[in-house]
Number of protein chains: 2
Amino acid sequence: MARASTTSDAFNAVAEPRRREILTYLAGTERPVGEIVSALGLEQPSVSKHLRVLRNVGLVRMRCHGRQKLYRTNAEAIRPLHDWAATFERYWQHQLNRVKELAESTVHQSSADSNAAPKPTPNPKEKR
Amino acid sequence: MARASTTSDAFNAVAEPRRREILTYLAGTERPVGEIVSALGLEQPSVSKHLRVLRNVGLVRMRCHGRQKLYRTNAEAIRPLHDWAATFERYWQHQLNRVKELAESTVHQSSADSNAAPKPTPNPKEKR
DNA sequence: TTGACATATTCCCATATAGGCATGTAACGT
DNA sequence: ACGTTACATGCCTATATGGGAATATGTCAA
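Trainee: So, the protein's contact with DNA strand D: which residues are in play, and what are the values?
Mentor: Taken together, 31 residues are adjacent to DNA strand D, and M1, S48 and Y71 of chain A together with A2 and K49 of chain B come closest. Near the protein, within 4 Å, the atoms of DNA strand D are sugar or phosphate in 62% of cases. One of the side-chain nitrogen or oxygen atoms of R19 of chain B is found 2.9 Å away from a phosphate oxygen of DNA strand D. For the surface near DNA strand D, the secondary structure elements donating two or more residues are α3 (33-40), α4 (44-56) and β3 (68-73) of chain A together with α2 (17-25) and α4 (44-56) of chain B. Looking at the surface near DNA strand D, the element that brings in the most residues is α4 of chain A, giving 5 residues. Residues belonging to the surface near DNA strand D are distributed by class as follows: 8 nonpolar, 9 polar and 14 charged.

This is the structure in structure tokens:
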């Protein structure tokens, strides 16, 4: 199987950085496609496609006004994301405490540290 | 271009439902791979691959213990997601109010509702 | 060393992108 | 009707994926 469709849920839809930008831009206000294009500096067809994905998962709403279509973010649809992430809130608070304690007790210790993760490598070249 | 790598950031990594399950399962506790496998009912190679992705973006930490490797969720890495989503908090509150007011004032009359579907756009003769 | 156990990695492949470009379609002004 | 404006959609392609199966790597125990 390949990766799940971008339209399968909000999580997949917002994985794309541009779509996140669009959602941010459309938060609280309606905007026609053209303004999104010029504001974010993207190609018009690209914006239309992203909007289609966002609409499919309910992340944006659309309304026709003359020859233009006004889009706006449907914040409600972002809540599942927020709620899921909030589940971990208590844990990162714990971790902060742990880190703090650790820092206080090992202020001078050198780094023969074998548990540190192998670097949060952002973009491994990934061979195939 | 294809879709961005799953390892490009936390957003892409958590787009996969199984990886979210793993993160939830590993929240607050360390677990060896084998337990994740049996707990979530996935194939072992599959779990290993998902853990690799999660590790690459710093969403999990790993520690060796004998012949097994103990993983745990690094909640800190979920904060960016939470923070981004929280940006929209005020908007969904607004929306709730709007919906409420609307429901109160228009108990009898409701016209074409152009929001939900990715359907062919209905064609209201909007004038504004 | 050998064998069993715990994980990781590789190979293969059907599938779904996202971007660039061209074209289709709908609404407007004249 | 015609041209223009505002978007949407179709086509093409390089690329990355996730699952399954097989295999490799690493660690302990006897």
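Trainee: I'd like a description of the sheet that holds strand β1 (residues 31-32) of chain A, backed by residues and values.
Mentor: In a beta sheet, neighbouring strands pair by backbone hydrogen bonds and run either parallel or antiparallel. All names here are of chain A. Within the open sheet, the 3 strands sit side by side as β1-β3-β2. Their pairing is antiparallel. Because the sheet does not close on itself, it has two edges, and the strands there are β1 and β2 (60-65). As defined by bridge partners, β1 adjoins β3 across 2 bridges and the pair is classed as antiparallel. Each bridged residue has a counterpart across the sheet, and for P32 the counterpart in β3 is L70. Running at roughly 120° to β2, α4 makes contact with β2 and β3 of the sheet.

Trainee: Summarise the packing of aromatic side chains; cite the residues concerned and give the values.
Mentor: Tallied over the entire structure, the rule returns 4 aromatic pairs over all chains. Residues F11 of chain B and W84 of chain B carry aromatic rings whose centres are separated by 5.9 Å and whose planes lie at 90° to one another, so their mutual orientation is edge-to-face. One end of the pair, F11 of chain B, is in helix α1 (residues 10-13); the other, W84 of chain B, is in helix α5 (residues 79-86), with 73 residues separating them in the sequence. Of the two residues examined, F11 of chain B and W84 of chain B, each falls in the buried class. Taken together, F11, W84 and F88 of chain A form an aromatic cluster joined through their ring pairs.

Trainee: For α4 of chain A, give the residues involved together with the corresponding values.
Mentor: All names here are of chain A. Taking 1.5 Å of rise per residue, 13 residues should cover 18 Å, and α4 covers 18 Å from first to last C-alpha, within 8% of that figure. Every buried residue belonging to α4 is among V47, H50, L51, V53, L54 and R55, and all of these are buried. On its buried side, α4 packs onto α1 (10-13), α2 (17-25), α3, β2 and β3. Trailing α4 by a residue or two, G58 shows a phi angle of about 80°, which is positive.

Trainee: Explain the protein's contact with DNA strand C residue by residue, including any values.
Mentor: A2 and K49 of chain A together with M1, S48 and Y71 of chain B are the nearest of the 31 residues found near DNA strand C. Within 4 Å of the protein, the atoms of DNA strand C are drawn from sugar and phosphate moieties in a proportion of 63%. At 2.7 Å from a phosphate oxygen of DNA strand C is found a main-chain nitrogen or oxygen belonging to T6 of chain A. Contact distances for DNA strand C include 3.3 Å between a sugar or linking oxygen and a side-chain N or O atom of R67 of chain B.

Trainee: So what's going on with the sheet that holds strand β2 (residues 60-65) of chain B? Which residues, and what values?
Mentor: All names here are of chain B. A sheet is described by the order of its strands in space; here 3 strands give the open sequence β1-β3-β2, paired in antiparallel fashion. Both outer strands of the open sheet, β1 (31-32) and β2, are each paired with one neighbouring strand and no more. Across the sheet, α4 lies against β2 and β3 (68-73), angled at about 120° from β2, the strand it touches most.

Trainee: Explain the confidence of the model for chain A to me, and be specific about the residues and the numbers.
Mentor: Considering every residue of chain A, the mean pLDDT works out to 82; 73% of them sit at 70 or more. Every residue in residues 108-128 of chain A is under pLDDT 50, and counting partners more than four places away or in other chains gives 16 contacts.

The rules behind these values
- Residues numbered from 1 in each chain as written.
- Chains lettered and ligands numbered in written order.
- Predicted model: local features only at pLDDT ≥ 70, side-chain atom pairs only at ≥ 80, totals over all residues.
- Heavy atoms only, no water.
- Near = heavy atom within 4 Å.
- Polar contact = N/O pair within 3.5 Å; in protein donor to acceptor, adjacent residues only side chain to side chain.
- Helix = DSSP H or I, 4+ residues; strand = E, 2+ residues; numbered from the N terminus.
- Nonpolar A, V, L, I, M, F, W, Y, C, P; charged D, E, K, R; others polar.
- Pairing = 2+ DSSP bridges.
- Contact = heavy atoms within 4.5 Å.
- Axes fitted to C-alpha atoms, helices over the stretch in contact; angles between N-to-C directions.
- Phe/Tyr/Trp six-rings, centres within 6.5 Å; stacked < 30°, edge-to-face > 60°.
- Buried < 20%, exposed > 50% of the residue type's maximum accessible area, 1.4 Å probe, protein only.
- Expected span 1.5 Å × (residues − 1).
- pLDDT = per-residue confidence, 0-100.

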